[in-house]
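Summary of structural features
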Amino acid sequence: MRNIRVIDSHTGGEPTRLVMSGGPDLGDGELSERARVFRENFDAYRSAIVNEPRGSDVMVGALLVPPSRPDCQLGVIFFNNVGVLGMCGHGTVGVVASLAHAGQLKTGALRIDTPVGAVDARLHDNGEVEVANVPSYRKSRAVTADVPGHGPVTGDVAWGGNWFFLADGGDRAIELSQVDALTEFTWRIRQALNAQGHPEVDHVELFGPPRLAGADSRNFVLCPGKAYDRSPCGTGTSAKLACLAADGKLAEGEEWVQEGIVGSHFRGRFRWIDHSTGTIAPTIVGRAWVISESTLLLDPADPYCWGIRTQERRKPLE
Ligand code: PYC
């Protein structure tokens, strides 16, 4: 029997399960190397922690590890129902709130090592968490996906700590009542893009008009394992900021309020790193709520000990 101690939170509705102890030993390499070890040697743990019956397709896990970068206080590897993520914005907000709940963190700054770079988090007195994410940029503008059954869909491919395709939702309502149709549509977009020379794209983001007073836009975000993000997606908002910056539609330091499909929101802004490559330093601000502390029990005699895989495992890009 193996015991894994976790703290669960949600950030704008999107869950994060922080593994405090009992996770696998991934060695002491750089975080990208430890993410590889996790993916290749301990995939059963990933599935046991986030998949049913202990979790669900929407659960994002966060494995706390010692940092490799000397200027970081801790390291985190994020993962979901199908594999390992590069970074996770809502997850970082959840990790900070959970560590504060556990008494391991006071308000103030924290530098976190991740497989795709260091991020700076700051816990404010009011409970909000600010995340200065990894450098983000738009890779390709006006990419057209030929989506079977729907026709051409044009959008941008951008990096915000994960890879995104970002497109206007057109006349599609970005509403919870439309989640099934939005999921099917964005899944087809992703499959089309992957087949049409964009294998890196594993998140698809659609935008429409906001409902929330003061918000600039509302989004629907399809995650790699076919679950939709209940939050406005921190890495997705970072990718959006990179596109807005590249198009000159948002100025450095100006605030962008991104509403998600359940009505929660992140505030975002950016600083230019390099105009010539369109690289920005995005910051997002959000809030998480701790919802449970528990111990996961892994009994190898349980036929579903290692989780039920309802979605195909994501193949790593090599
Ligand atoms: O907030 O960056 C994020 C995120 C990625 C996948 C789910 N949430």
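For the structure itself, look to the data block above.
My aim in this report is to walk through the structure given alongside it, one point at a time. Quantities reported herein were computed from a predicted structural model and do not represent experimental measurements.

1. Considerations on the site of the ligand
- Around the ligand, the surrounding shell consists of Glu14, Cys88, Gly89, His90, His203, Cys223, Asp229, Cys233, Gly234 and Thr235.
- In the environment of the ligand, a nitrogen atom lies 2.8 Å from a nitrogen or oxygen atom belonging to the side chain of Asp229.
- Take Gly234: an N or O atom from its main chain is 2.7 Å from an oxygen atom of the ligand.
- Starting from 250 Å² of accessible surface for the ligand in isolation, the protein chains cover 99%.

2. Thoughts on empty space enclosed by the protein
- Across all of its chains, the model carries 1 cavity of 30 Å³ or more by this definition.
- Counted as a void, the largest cavity has a volume near 140 Å³.
- Around the largest cavity, the lining is made up of 21 residues, and of these Glu14, Val60, Leu85, His203 and Cys223 lie nearest the centre.
- Every element with two or more residues in the lining of the largest cavity is listed here: helix 3 (89–101) and helix 5 (234–246).
- Tallied by class, the residues present in the lining of the largest cavity amount to 10 nonpolar, 8 polar and 3 charged.

3. A word on the packing of helix 1 (residues 31–41) against helix 2 (residues 43–50)
- Contact geometry of helix 1 with helix 2 gives a least axis separation of 5 Å together with a crossing angle of 85°. Considering the angle they form, helix 1 stands roughly perpendicular to helix 2. Contact residues: helix 1 offers Phe38, Arg39 and Asn41, while helix 2 offers Asp43, Tyr45 and Arg46.
- By residue class, the composition of the contact of helix 1 with helix 2 is 2 nonpolar, 1 polar and 3 charged.

4. Some points on the pairing of strand 14 (residues 265–274)
- By the bridge criterion, 4 bridges tie strand 13 (residues 256–259) to strand 14 in an arrangement that is antiparallel. When the bridges of strand 14 are listed, Trp256 appears paired with Gly268.
- Where strand 13 folds back onto strand 14 in an antiparallel hairpin, the turn is made up of 5 residues, including Gly263, whose phi is positive at roughly 100°.
- The sheet contact formed by strand 14 and strand 15 (residues 279–286) spans 7 bridges and is antiparallel. Residue pairing across strands places Trp272 opposite Ile280, the latter belonging to strand 15.

5. What to know about the pattern of salt bridges
- Evaluation of the coordinates by the stated rule reveals 17 salt bridges.
- Between Asp43 and Arg309 there is a salt bridge, and its shortest N-O distance comes to 2.9 Å. Of the two residues, Asp43 sits in helix 2 while Arg309 sits in the segment after strand 16 (288–298), which places them 266 residues apart along the sequence.
- Residue classification places Asp43 among the buried positions, given a relative accessible area of 8%.
- For Arg309, a relative accessible area of 42% puts it in the partly exposed group.
- With a shortest N-O distance of 2.6 Å, Lys139 and Glu200 are connected by a salt bridge. Within this pair, whereas Lys139 is found in strand 8 (residues 137–147), its partner Glu200 is found in the loop between helix 4 (179–195) and strand 11 (203–208), the two being separated by 61 residues in sequence.
- You can call Glu200 buried: its relative accessible area is 8%.

Basis of the calculations
Residues numbered from 1 in each chain as written. Predicted model: local features only at pLDDT ≥ 70, side-chain atom pairs only at ≥ 80, totals over all residues. Heavy atoms only, no water. Near = heavy atom within 4 Å. Polar contact = N/O pair within 3.5 Å; in protein donor to acceptor, adjacent residues only side chain to side chain. Areas by Shrake-Rupley, 256 points an atom, 1.4 Å probe, with all protein chains shown as cover. 1 Å grid on protein atoms, 1.4 Å probe; cavity = no way out; pocket = protein on both sides within 12 Å on 5 of 7 lines; lining within 4 Å. Points joined across faces, edges and corners; volume = space filled by probe spheres on them. Helix = DSSP H or I, 4+ residues; strand = E, 2+ residues; numbered from the N terminus. Nonpolar A, V, L, I, M, F, W, Y, C, P; charged D, E, K, R; others polar. Axes fitted to C-alpha atoms, helices over the stretch in contact; angles between N-to-C directions. Parallel < 35°, antiparallel > 145°, perpendicular 65-115°, else oblique. Contact = heavy atoms within 4.5 Å. Pairing = 2+ DSSP bridges. Salt bridge = Lys/Arg side-chain N within 4 Å of Asp/Glu carboxyl O. Buried < 20%, exposed > 50% of the residue type's maximum accessible area, 1.4 Å probe, protein only.

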